[in-house]
Amino acid sequence: MSSNWKKDAFHAMNDVRSTQKLMEETFQKTYKVVMIRHGESTWNQENKFCGWFDAGLSEKGVDEAKAGGKALKKDGYLFDVAHTSMLQRAQNTLEIALGQTGQQNLPTQKTWRLNERHYGGLTGMNKAETAEKHGEEQVKIWRRSFDIPPPPMEGGHPYYDKITKDPRYASEPSQEEFPKFESLKLTIERTLPYWDNVIVPQIKSGKKILIAAHGNSLRGVVKHLDNLTNEQIMALNLPTGIPFVYTLDANMKPIKSMEFLGDEETVRKAIESVAAQGKAKKKETCATKIGINGFGRIGRLVLRASLQKGAQVVAINDPFVDLDYMVYMFKHDSTHFGFHRSGTKVSKSSSGDLIVGDQTIKVFCCKDPKDIPWAAAGAEYVVESTGVFTTTSAASAHLNG
């Protein structure tokens, strides 16, 4: 045996330790990237399809940008470089927010690839009036369908020359790349190369990044990071002027996703306001009032479907699931995680009610259906979701409540 075996063993041991240390550092290394959708624009205020039209910020939008900057300052965020679009509403939001953090002169890269989705022939049209004319479902498809674009912007469109002949686009995009319309799919296809080839290398080099862009270009990045389905990204609403943070691992996979900087109530109201933009104005109608017995997987699906269809869930009964667990399950059950992430608030009140979105739901824990006070809660219909009371006579006991 070689007389140097101890020396060889020592070096081998050090090599193993070095490899282990490198692996630990790689796995433990995390990065943060902050994104912010521009503050409300004048065309947001007028509820118009804006897209590539260069609308400025409204007074509210300026205030939102200031508030976003204050939230960044409060949490101690400072940056090495910023990225934004070619449009002034995003650039001004960035400038105002950085003014609050004392980084007015931060190096900034501007690119058309972070522009808002091009709304084609819808550009300049009022969203509610368009919904009344074409129907809310058609407008929702144009606004939020993953791969169905709106009608193209042709040469006779009132904003065609203003957009296509803008000197900011003299060098890029090329004539072939310049869009006449875009679906979310097309928006992502021109946004992600910039994320992958420019932003990601900067993040991996250790630079602290702030991205100020638009609802759809940012939704494209979010879909990519969180691997959301087409349906989930359609339901995602990003509020204006509120920064959100992603914590990423060394492979650029989220450790923590979309942490909004700001109080929960402000974020919820902002998201609801964005979601309502494409709805036609209509008279108030009385929603169907529903009670749900059982909050297992079926009960949670009933609650989600009721909320999405506009019904009002007034009460839930489950003797085996307490309120804290109801909140936890509706937030973190894999079936409903995308729904919660779309901005719907899920919490409990101090009086023991379940709060989902803008609905406050009474919670009961009765074992016998006849003891559940459905009428007192205002329920008009009861959905039996336990799988226990499956006969007409057994389920009819609910009528006693």
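Visitor: When you look at the environment of Ser58 in this model, what are you seeing that I'm missing?
Guide: Checked against the element boundaries, Ser58 lands in the loop between helix H2 (42-45) and helix H3 (59-74). C-alpha of Ser58 to C-alpha of Thr42: the two residues are 16 residues apart in sequence and 4.7 Å apart in space.

Visitor: Help me understand the pairing of strand E5 (residues 244-248) in this model?
Guide: Each regular strand displays side chains that alternate between the two surfaces of the sheet. The element E5 is largely enclosed, with a buried count of 5 among its 5 residues. The alternating pattern of E5 places Phe244, Tyr246 and Leu248 on one face and Val245 and Thr247 on the opposite face, and all of these are buried. Pairing geometry for strand E1 (residues 31-37) and E5, over 5 bridges, is antiparallel. Looking at the pairing, Val33 lines up with Tyr246 of E5. Of the pairings in the sheet, the one linking E5 to strand E6 (residues 254-260) comprises 4 bridges and is antiparallel in character.

Visitor: So what exactly am I meant to see when it comes to unusual backbone geometry here?
Guide: Of the consecutive residues Glu172 and Pro173, the connecting peptide bond is found in the cis state with omega at 5°. Notably, Asn47 is not glycine yet its phi reads approximately 60°, a positive angle. Checked against the element boundaries, Asn47 lands in the loop between H2 and H3. Judged by relative accessible area, which is 16%, Asn47 ranks as buried. Even without a glycine there, the phi angle at Met252 is positive, about 65°. Looking at where Met252 falls in the secondary structure, it is placed in the loop between E5 and E6.

The rules behind these values
- Residues numbered from 1 in each chain as written.
- Predicted model: local features only at pLDDT ≥ 70, side-chain atom pairs only at ≥ 80, totals over all residues.
- Heavy atoms only, no water.
- Helix = DSSP H or I, 4+ residues; strand = E, 2+ residues; numbered from the N terminus.
- Buried < 20%, exposed > 50% of the residue type's maximum accessible area, 1.4 Å probe, protein only.
- Pairing = 2+ DSSP bridges.

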